[in-house]
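# Secondary and tertiary structure notes
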Protein chains: 2
Amino acid sequence: MVEMKTYDLVIIGAGPAGLTAAIYAQRLGLDGLVLEKLAPGGQILLTERIENYPGFPEGVSGPQLISLMQKQAENLGMKHEQEEVKRIRLSQHKKIITAESGKEYKSHTVIMASGAKPKRLGVEGERELTGRGVSYCATCDAPFFKDEEILVIGGGSTAAEETLYLTKFARKIYLVHRRGMLRAQKILQERLFNNAKVEIIWKSKVEKIYGEGKVEGVLLKELEKGKLRNLSCSGVFIFIGLKPNTNFVENLVELDKNGFVKTNRDMETSIEGIFACGDVRENSLKQAIVACGEGALAAHMVGEYLSKVKGIEYK
Amino acid sequence: MVEMKTYDLVIIGAGPAGLTAAIYAQRLGLDGLVLEKLAPGGQILLTERIENYPGFPEGVSGPQLISLMQKQAENLGMKHEQEEVKRIRLSQHKKIITAESGKEYKSHTVIMASGAKPKRLGVEGERELTGRGVSYCATCDAPFFKDEEILVIGGGSTAAEETLYLTKFARKIYLVHRRGMLRAQKILQERLFNNAKVEIIWKSKVEKIYGEGKVEGVLLKELEKGKLRNLSCSGVFIFIGLKPNTNFVENLVELDKNGFVKTNRDMETSIEGIFACGDVRENSLKQAIVACGEGALAAHMVGEYLSKVKGIEYK
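Residues numbered from 1 in each chain as written. Chains lettered and ligands numbered in written order. Predicted model: local features only at pLDDT ≥ 70, side-chain atom pairs only at ≥ 80, totals over all residues. Heavy atoms only, no water.

## Some words on the confidence of the model for chain A
Mean pLDDT over chain A: 93, with 98% of residues reaching 70 or higher. In the model output, the complex is listed with pTM 0.86 alongside ipTM 0.85. (pLDDT = per-residue confidence, 0-100.)

Spelled out as C-alpha cells, the structure:
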C-alpha cells in the first residue's frame, strides 16, 4: 500500500476567499492544493457588476474578477483539482479529506472557503418550477424574460442589485418584501425607487408559485391584514439569503444555528489546523473584498500553525 | 456664530483602508469626509510592485493601485480635504477633529485609517545623514545608488522586497540582520538567496552610520562575539518595522504598548463611534488586501452605529 502524501494545506473552494488564500499560501512556499467542485468562482460568478471591489473604478464583472484571481494564483504555482468534498475526518493531527469521487487527500491544515448558496423559499411549486421560471440567479436567467412581467422576492442588497439588473430585460418587476423597508444599501434603494419598471409590494409574502410546466403566477399574502391575491408573472427570482456549504464538516467543527462556521478573529475554527474564511463564516459581510482579506489572514495563520507543528518557518 | 456642520463620518487617512472605507461609506449614502495629510496613498506608495493584491495577476505598483482606488471613491462622490489631524476630542456623543491648520470638523463617527510610518534605528549619524544616503524608501531613492555598494537593515518581508528592488540599481548589497534567520516570506527569501548581488550579514547590527556630508560607511557589531568592524557603503536603507500614526488620539482611545490602536473584531476602538482599520491597528497583517477588507467592515459598522444613533437605516 502506498502511503498517502501529506499536503501542507488543502483549500476547499475557489471563490475570492479561497483564491486569495491560495495566492498567499503560494507566496509562503506551502505545498497546497485547492479543491473546487465546479469551476473557480462561487457565488460571485452570479454577479454581473461589482462596483465596490477596490482597484476597479469602472466596476468589474464577477467572472472577470475571478478569472484574474485564478490567473494570479496559477502564476504563483497553485495546484487545483475538480472535486466535491464529502467529508473531513481527523487522523491524529492530520486531516483526511474525502471527495465525492472517493479519492482521499491528507493534509496538515484545511482552509474552508466553501462559501454559501442561495436559500430556498420553501413554498409549493418552487422546486417543481425551478428552471421553468423559478430562478436564483439573474445573471444566468435574465435574458429569458425579455419584455415579460416578473417577480423578485427579497429586500437585501443582493435582491436590489439583481432587480436592477433584471430591469434591463423585463418590462415590469414586482419586488415583494416582508417588511415596510428594504435592507439594501442606500445607493441601491435610490436606484430602485427611481426606476419606473420596478413596483415594490411591501409587507407581503409569496405563499405559492403556480403554473402548468412553467411559472404563470404566484399567490401573494399581505401580511398585516392577511389578505390573499393572485398575481400573474412568468418569472420568480428568489434572493432571500444564503445557506453555507458546511455539510462536510457537520459533527466536526462548531457551526452556528444556521450552519455557518464559528471562528475567532484569526479565522481559527474549533478544530486546530482547520480555518475558515469568506461567506462560509458566521457573521461574514458577504463582500468579495472582505472575503479576500480573510483569505489572506487565514493563509498567514496556516503558516504560523505549520511553523509550530513542523518546526519550519513559513512567513 | 455659525454652528459647525456635523458629518456622518470622518475618515482619517487615504491609504487602502481609508479609501475602501470611503467607497463603502459612499455606497451607504453617508455624508462623509476623508482627511489626508499628504496625497492619498500612505505606505503603499513606497511599494514598487504588489504581487499579492488579488485581481492583478501581473502585479501592480503601489501608486497605480492607490490611484485606481481613489478614482473609484471619487466616482462615488467621495469628499476629501488635505489636512493633518492634530487631535480628536469628544463633545457629548460627537467627535471634534482639530487639524494642524486650526480648522475643526465635527462628526458622529471617525474611522482611523491613519496607517504607520517607518521606524528609525536610533543610532548615531542616522538623523544627520537622512536624505544624504540614509533612506527608508527604496522606490524613492534607489536610482541614486546605481552601481554603488549599499547596506540594508532588516529581516522581514519589506526588507527583502526592498533589497530585491535595490538589486536593479546597486552593484552590491549587504543585508544586515540581527538574527540567524529571516522573517521574510519564503518566496522572497529564495529570491534573495539566489541573487548574486546580495550578501547577508547574519547576527549583526549597525552601531553607527558615518560620513562627511554623506554616508561613507557603518560601524557593524557581530552580536555573538561582540566584534566590531567598519564597512564602507554609500547608502543605508532601514526597514525595521512601522510606528503607528496615533499621536492625535493619545489619552483618548486605548493603544497597545507600541502605540497601535486596540480594536475588537468589528474594528471598534475603546471609544463608541471611533473605529480603526489597516496598519494602524494592533496586530494588523500590514497587507493591502487585509487593510481593504477591514476598511469595508469598518464602514459597515459605522452604518450600523449611525442607524442606532440617528434612527435612520444605513445599509
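## Focus: the nonpolar core
One broad trend across soluble globular proteins is that nonpolar side chains are buried collectively. Counting residues in each nonpolar core, the largest one holds 132 residues, and the members touching the most others are Tyr53(A), Ile111(A), Ile289(A), Tyr53(B), Ile111(B) and Ile289(B). Residues contacting Tyr53(A), with those up to four places away along its chain left out, are Leu65(A), Met69(A), Ala288(A), Ile289(A), Cys292(A), Tyr53(B), Pro54(B), Gln72(B) and Ile289(B). Of all hydrophobic cores here, the second largest spans 21 residues; its members include Leu35(B), Met112(B), Ile271(B) and Val280(B). (Core = buried A, V, L, I, M, F, W, Y, C linked by side-chain atoms within 4.5 Å. Buried < 20%, exposed > 50% of the residue type's maximum accessible area, 1.4 Å probe, protein only. Contact = heavy atoms within 4.5 Å.)

## Topic: the environment of Gly213(B)
All names here are of chain B. Checked against the element boundaries, glycine 213 lands in the loop between β12 (204-210) and β13 (217-222). Separated by 28 residues in sequence, glycine 213 and glycine 241 place their C-alpha atoms 27 Å apart. Filtering out sequence-adjacent residues up to four positions away, glycine 213 remains in contact with Leu129 and Arg132. (Helix = DSSP H or I, 4+ residues; strand = E, 2+ residues; numbered from the N terminus.)

## A word on the packing of helix α1 (residues 16-27) of chain A against helix α2 (residues 62-75) of chain A
Residues and elements named next belong to chain A. In contact at an axis separation of 9 Å, α1 and α2 are set at 20° when each is read in the N-to-C sense. Judged by the angle between their axes, α1 and α2 are roughly parallel. Pair α1 / α2 crosses with left-handed handedness. From α1, Pro16, Leu19, Ala22, Ile23 and Gln26 reach across to α2, where they touch Ile66, Met69, Gln70, Gln72 and Ala73. Broken down by class, the residue content of the contact of α1 with α2 amounts to seven nonpolar, three polar and no charged. (Axes fitted to C-alpha atoms, helices over the stretch in contact; angles between N-to-C directions. Parallel < 35°, antiparallel > 145°, perpendicular 65-115°, else oblique. Left-handed = near helix turned anticlockwise from the far one by under 90°. Nonpolar A, V, L, I, M, F, W, Y, C, P; charged D, E, K, R; others polar.)

## Some points on the sheet that holds strand β14 (residues 228-232) of chain A
All names here are of chain A. Ordered by their spatial adjacency, three strands build an open sheet running β12-β13-β14, and the pairing between neighbours is antiparallel. Two strands close off the open sheet at either side, each with one partner strand: β12 (204-210) and β14. If you compare each strand with its neighbour and ignore which way they point, the axes differ by 30° on average. In this structure, strand β13 (residues 217-222) lies alongside β14, joined through five bridges in antiparallel fashion. Along β14, the bridge assignment pairs lysine 221 with leucine 228. (Pairing = 2+ DSSP bridges.)

## Quick notes on a positive patch on the surface
A grouping of Lys37(A), Lys117(A), Arg120(A), Arg127(A) and Lys243(A) is seen on the molecular surface, where their side chains present a positively charged patch. Along the chain, Arg120(A) turns up in the loop between β7 (116-118) and β8 (134-135). (Patch = residues over 30% accessible without salt bridge, like charges linked within 9 Å, V, L, I, M, F, W, Y side chains within 5 Å. Areas by Shrake-Rupley, 256 points an atom, 1.4 Å probe, with all protein chains shown as cover. Salt bridge = Lys/Arg side-chain N within 4 Å of Asp/Glu carboxyl O. Lys, Arg positive; Asp, Glu negative; His and termini not counted. Charge placed at Lys NZ, Arg CZ, Asp CG, Glu CD.)

## Brief notes about the sheet that holds β8(A)
Residue and element names in this part refer to chain A. One open sheet accounts for five strands, arranged β8-β15-β9-β10-β11; its pairing is parallel. Strands at the two margins of the open sheet, each flanked by one partner only, are β8 and β11 (198-201). Pairing between strand β10 (residues 172-176) and β11: four bridges, direction parallel. Counted as the bridge partner of valine 176 is isoleucine 201 from β11. Most of the contacts of helix α4 (residues 157-166) go to strand β9 (residues 149-153), to which it runs at about 170°, and overall it touches β9, β10, β11 and β15 (235-238).

## Some remarks on the interface of chain A and chain B
Counting from both sides, the interface comprises 46 residues of chain A and, opposite them, 46 residues of chain B. Interface area for chain A against chain B, summed over the two sides, is near 4100 Å², with a carbon-plus-sulfur share of 54%. Remark: the boundary between chain A and chain B carries six salt bridges. With a closest N to O distance of 2.6 Å, Glu58(A) and Lys71(B) form a salt bridge. Summed over the shared surface of chain A and chain B, the number is 26 residue pairs in polar contact (both at pLDDT 80 or more). At the level of secondary structure, the elements contributing two or more residues to the side of chain A that touches chain B comprise α1, α2, α5 (186-193) and α6 (288-310) of chain A. Sorting elements by how many residues they give to the side of chain A that touches chain B places α6(A) first, with seven residues. Its residues placed into classes, the side of chain A that touches chain B shows 22 nonpolar, twelve polar and twelve charged. (Buried area = accessible area lost by both parts, 1.4 Å probe. Polar contact = N/O pair within 3.5 Å; in protein donor to acceptor, adjacent residues only side chain to side chain.)

## A closer look at the relation of the copies chain A and chain B
Between the two copies, chain A and chain B, the superposition gives an RMSD of 0.1 Å; the rotation angle is 180° and the shift along the axis is 0.0 Å. With respect to symmetry, the two chain copies, as superposed, fit the operation of a two-fold axis. Every residue of chain A has its C-alpha some distance from the rotation axis, and the shortest such distance is that of Gly293(A), at 2.5 Å. Of the interface residues in chain A, 100% have counterparts in chain B that sit at the interface too, so the contact is made through matching surfaces. (Least-squares fit on C-alpha atoms with pLDDT ≥ 70 in both.)

## What about the side chain of Glu36(B)?
All names here are of chain B. Along the polypeptide, glutamate 36 turns up in strand β2 (residues 32-36). In this structure glutamate 36 is buried but unpaired, with lysine 37 as the nearest side chain of opposite charge at 6.7 Å. Among the polar contacts listed, one links the side chain of glutamate 36 to the backbone nitrogen of alanine 14, at a separation of 2.6 Å.

## Some thoughts on the side chain of Ser204(A)
Residue and element names in this part refer to chain A. Its place among the elements puts serine 204 in strand β12. Here tryptophan 202 takes part through its backbone oxygen, which lies 2.8 Å from a polar atom of the side chain of serine 204. When near neighbours in sequence (up to four residues on either side) are disregarded, serine 204 contacts Val176, His177, Arg178, Leu220, Lys221, Glu222 and Leu223.

## Quick notes on the packing of α1(A) against α6(A)
Residues and elements named next belong to chain A. At a closest axis distance of 7 Å, the pairing of α1 and α6 adopts a crossing angle of 35°. The two elements α1 and α6 meet at a crossing, and its hand is right-handed. Mapping the contact onto sequence places Pro16, Ala17, Thr20, Ala21, Tyr24 and Ala25 in α1 and Ala288, Ala291, Cys292, Gly295, Ala296 and Ala299 in α6.

## Brief notes about the pairing of strand β4 (residues 85-91) of chain B
In terms of strand pairing, β4(B) meets strand β5 (residues 94-99) of chain B through six bridges, oriented antiparallel. Paired with Ser91(B) across the two strands is Lys94(B), which belongs to β5(B).

## Observations concerning the pattern of salt bridges
Taken as a whole, this structure holds 31 salt bridges over all chains when the rule is applied. A salt bridge links Glu294(B) to Arg281(B); the nearest nitrogen and oxygen atoms lie 2.5 Å apart. In this pair, Glu294(B) is assigned in helix α7 (residues 288-310) and Arg281(B) in the loop between β17 (274-276) and α7, connecting sequence segments 13 residues apart. Judged by relative accessible area, Arg281(B) falls into the buried class, the value being 6%. Ionic contacts of the salt-bridge type, sharing partners, join the residues Arg27(A), Arg49(B), Glu51(B), Glu161(B) and Arg191(B) into one network.

## Regarding the packing of aromatic side chains
The final tally for this structure, using the stated rule, is twelve aromatic pairs over all chains. Geometrically, the ring pair formed by Phe275(A) and Tyr305(A) is edge-to-face, given 6.3 Å between the ring centres and 75° between the ring planes. Note that Phe275(A) is positioned in strand β17 (residues 274-276) and Tyr305(A) in helix α6, a separation of 30 residues in sequence. A residue is classified by how much of its surface remains accessible, and Tyr305(A), at 8% relative accessible area, is buried. Chaining the aromatic ring pairs together yields one cluster made of Tyr53(A), Phe56(A), Tyr53(B) and Phe56(B). (Phe/Tyr/Trp six-rings, centres within 6.5 Å; stacked < 30°, edge-to-face > 60°.)

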